[in-house]
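Residue-level listing of the chains:
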Amino acid sequence: TEACLSAIDAAGALNAFVHHTPDMARDMAQAADARIKAGNAAALTGIPLGIKDVFCVKGVPSQAASRILEGFRPEYESTVTQNLWNAGAVMLGKLNQDEFAMGSANESSCYGPAVNPWKVDDRQLTPGGSSGGSAAAVAADLCLAATGTDTGGSIRQPAAFTGIVGLKPTYGRVSRWGVIAYASSLDQAGPMTKTVRDAAIMLGAMASVDPQDSTSADHPVPDYESLLTGDIRGKRIGIPREYRLDGMPAEIDALWHKGAEMLRDAGAEIVDISLPHTKYALPAYYVIAPAEASSNLARYDGVRYGHRAKLGQGDGITEMYEKTRAEGFGPEVQRRVMIGTYVLSAGFYDAYYNRARKVRALIKRDFDNVFAEGIDAILAPTTPTAAFGIGAMDSSDPVQMYLNDVFTVTLNLVGLPGIAVPVGLDKKGLPLGLQMFGKPFQEDELLNHALVLE
Ligand code: GLN
């Protein structure tokens, strides 16, 4: 814990931690010591963790990197963080992210961008987003592991950009209670770690059946670490042809081949598969996610939480709402609230939201079909490129940024588990990763495949 606290102090330039809790960390580390001495250590006793700002931690600022939640200190603890503390983990502080987890470069944060510890010629790179602070902190050894959330890739894409492991569990595996909501049918919390084994241990501690989350799945949580054998003999791995995009860099394609070879060498069978509706995933996601976000973010009205605008003479409640939301939400969040409100409006609901829901069902059927044909897991690239420069995306063209999510959003639409693993470096020396998708609630199997790629 002390080593991490010093490392955090020395690495301020990464802007990974946005709120430090050293007193809490030392108290928790002491309690962990006592627990070890008493001989009742649990899975994470004494392990110092960073927590993404989107998780409510009792008494600690929890703003989802938004100005609108300025001054908000939750009265309650998210189920995930409570589970981690119960397992003995130590809280180092809150980690940077995109505002309300909307973004792929950690640039929409009210705290400014987090910085990738990997560099090329002194050029500052993004650690990805939205869990950019988590990725940067784990990659720079500021904590032993971190929590992330993944609505459309926010665990896996930053993991790929920083050379770490990121796991998005099956929807419902990890409780969403106390996690500030972005898009409720897509959001899922998961671990961001240095190794696959760490991901197994962290997932076991984070996951639980939670009556406080109506979408929490009633499946017992296995001991993922003890199930980790790396034995994938006889497994059938699908290579989805629709993920081979025109103009994809040759090195991403080469990495994908290398990953398939590693799995084959471990005794798996590699099979070409088709997921024919893949190309509709990104547009469907960018209808559904903003729709749910516009509904979830309606609660930030200047009355119940955080920031409230200063009012002028004669301003009534409508002006209070308008001014508060105009000041409190950044431009990307405002854009999504507007898109979401539009696609849910009476005149356009069928044309956009309902159609996107139907497309989502078709995408789900693609996966059901390949699993019914005996495929056990699917291998694909995590991102179409390695980490890009901070500010490299043109903010007047948000679609450019959305395209970065082309390989990740599908998984959230279908609720399946996925894991991103670092597999190689590009010619500039930056990390590149592959991801694997698995069957519902078979994270244990997925971790075994990932172990082979590590
Ligand atoms: N980049 C995607 C978005 O902006 C995904 C973000 C996430 O997974 N939270 O919506």
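The name that an unreviewed UniProt entry assigns to the chain is Glutamyl-tRNA(Gln) amidotransferase subunit A, with the source organism given as Paracoccus acridae. Under the UniProt heading Function (unreviewed entry), the note attached to the chain is "Allows the formation of correctly charged Gln-tRNA(Gln) through the transamidation of misacylated Glu-tRNA(Gln) in organisms which lack glutaminyl-tRNA synthetase. The reaction takes place in the presence of glutamine and ATP through an activated gamma-phospho-Glu-tRNA(Gln)." The Catalytic activity (unreviewed entry) comment attached to the chain in UniProt states, word for word, "L-glutamyl-tRNA(Gln) + L-glutamine + ATP + H2O = L-glutaminyl-tRNA(Gln) + L-glutamate + ADP + phosphate + H(+)".

Draft legend 1. Here's a closer look at the site of the ligand. In the vicinity of the ligand lie 13 residues, with Ala 101, Ser 104, Thr 151, Gly 152 and Ser 154 positioned nearest. Classifying every residue of the shell around the ligand gives four nonpolar, seven polar and two charged.

Draft legend 2. Spotlight on the environment of Asp 27. Relative to the helices and strands, Asp 27 resides in helix 2 (residues 22-37). Note on Asp 27: 13 C-beta atoms within 10 Å, which makes it partly exposed.

Draft legend 3. Main features of the packing of helix 8 (residues 281-296) against helix 10 (residues 331-344). It is the contact of helix 8 with helix 10, at a shortest axis distance of 7 Å, that shows an interaxial angle of 100°. One finds that helix 8 runs roughly perpendicular with respect to helix 10. Contact residues: Val 287, Pro 290, Ala 291, Ala 293 and Ser 294 in helix 8; Arg 336, Val 337, Ile 339, Gly 340, Thr 341, Val 343 and Leu 344 in helix 10. Tallied by class, the residues present in the contact of helix 8 with helix 10 amount to eight nonpolar, three polar and one charged.

Draft legend 4. Just the UniProt feature "active site" (unreviewed entry) in the chain, in detail. The feature "active site" (unreviewed entry), as given by UniProt, occupies Lys 52, Ser 130 and Ser 154 in the numbering adopted here. A maximum C-alpha distance of 11.2 Å places the annotated residues, which cover 103 residues in sequence, within one compact spot. When the 32 C-beta atoms within 10 Å are taken as the criterion, Lys 52 is described as buried. If we ignore the near neighbours within four places in the chain, the residues touching Lys 52 are Leu 95, Gln 97, Ser 131, Gly 133, Ser 134, Ala 146, Thr 147, Gly 148 and Thr 149. You can see Ser 130 is positioned in the loop between strand 3 (90-95) and helix 4 (132-139). Here Ser 130 is in contact with Gln 97, Asp 98, Ala 101, Met 102, Gly 103, Asn 106 and Ser 154, once residues within four sequence places are set aside.

Draft legend 5. Expanded view of the confidence of the model for the chain. Counting all residues, the mean pLDDT for the chain is 97, and 100% of those residues have values of 70 or more. Per the prediction output, this complex has pTM 0.97; the corresponding ipTM is 0.97.

Draft legend 6. Region of the structure containing the sheet that holds strand 1 (residues 17-20). Taking strand neighbours across the sheet as the criterion, the eleven strands line up as 1-3-2-4-6-5-10-11-9-7-8 in an open arrangement whose pairing is mixed. In this open sheet, the two edge strands, each paired with only one partner strand, are strand 1 and strand 8 (269-273). On average, each strand axis in the sheet is tilted by 30° relative to the strand beside it, whichever way the strands run. When strand 2 (residues 48-52) meets strand 3, the two strands line up parallel, connected through five bridges. Following the sheet pairing, Ile 51 is matched in strand 3 by Lys 94. Taken strand by strand, helix 1 (residues 2-10) contacts strand 1, strand 2 and strand 3, and its axis lies near 20° from that of strand 3. Packed on one face of the sheet, helix 14 (residues 443-453) meets strand 9 (377-381), strand 10 (418-425) and strand 11 (431-437) and runs near 0° to strand 10.

Draft legend 7. Just the nonpolar core, in detail. Ranked by internal contacts, the top residues of the largest apolar core, which has 135 residues, are Leu 49, Val 90, Ala 137, Cys 143 and Ile 419. Considering each element in turn, this core owes the most residues, ten residues, to helix 8. Each residue touching Cys 143, except ones within four places of it in the same chain, is listed here: Cys 4, Pro 48, Leu 49, Gly 50, Leu 92, Ala 137 and Val 138.

Draft legend 8. View of the pairing of strand 9. Counting buried positions along strand 9 gives five out of five residues, so the element sits mostly inside the fold. Neither face of strand 9 is left uncovered, since the one carrying Ala 377, Leu 379 and Pro 381 and the one carrying Ile 378 and Ala 380 both have all their residues buried. Of the strand pairs in this sheet, strand 7 (residues 236-240) and strand 9 are connected by two bridges, and their pairing is parallel. Along strand 9, the bridge assignment pairs Gly 238 with Ile 378. In the sheet, strand 9 pairs with strand 11 via four bridges, with the strands oriented antiparallel. Bridged to Ala 380 within strand 11 is Gln 435.

Draft legend 9. Local environment of the environment of Ser 131. Within the secondary structure layout, Ser 131 lies in the loop between strand 3 and helix 4. Excluding residues within four positions of it along the chain, Ser 131 makes contact with Lys 52, Gln 97, Gly 148, Thr 149, Ser 154, Ile 155, Pro 158 and Met 192.

Reading the values: rules and limits
Residues numbered from 1 in each chain as written. Predicted model: local features only at pLDDT ≥ 70, side-chain atom pairs only at ≥ 80, totals over all residues. UniProt positions renumbered as here; feature names shortened; annotations may be inferred. Near = placed C-beta within 6 Å. Nonpolar A, V, L, I, M, F, W, Y, C, P; charged D, E, K, R; others polar. Helix = DSSP H or I, 4+ residues; strand = E, 2+ residues; numbered from the N terminus. Buried ≥ 20, exposed ≤ 12 C-beta atoms within 10 Å, placed from the backbone. Axes fitted to C-alpha atoms, helices over the stretch in contact; angles between N-to-C directions. Parallel < 35°, antiparallel > 145°, perpendicular 65-115°, else oblique. Contact = placed C-beta atoms within 7 Å. pLDDT = per-residue confidence, 0-100. Pairing = 2+ DSSP bridges. Core = buried A, V, L, I, M, F, W, Y, C linked by C-beta atoms within 7 Å.

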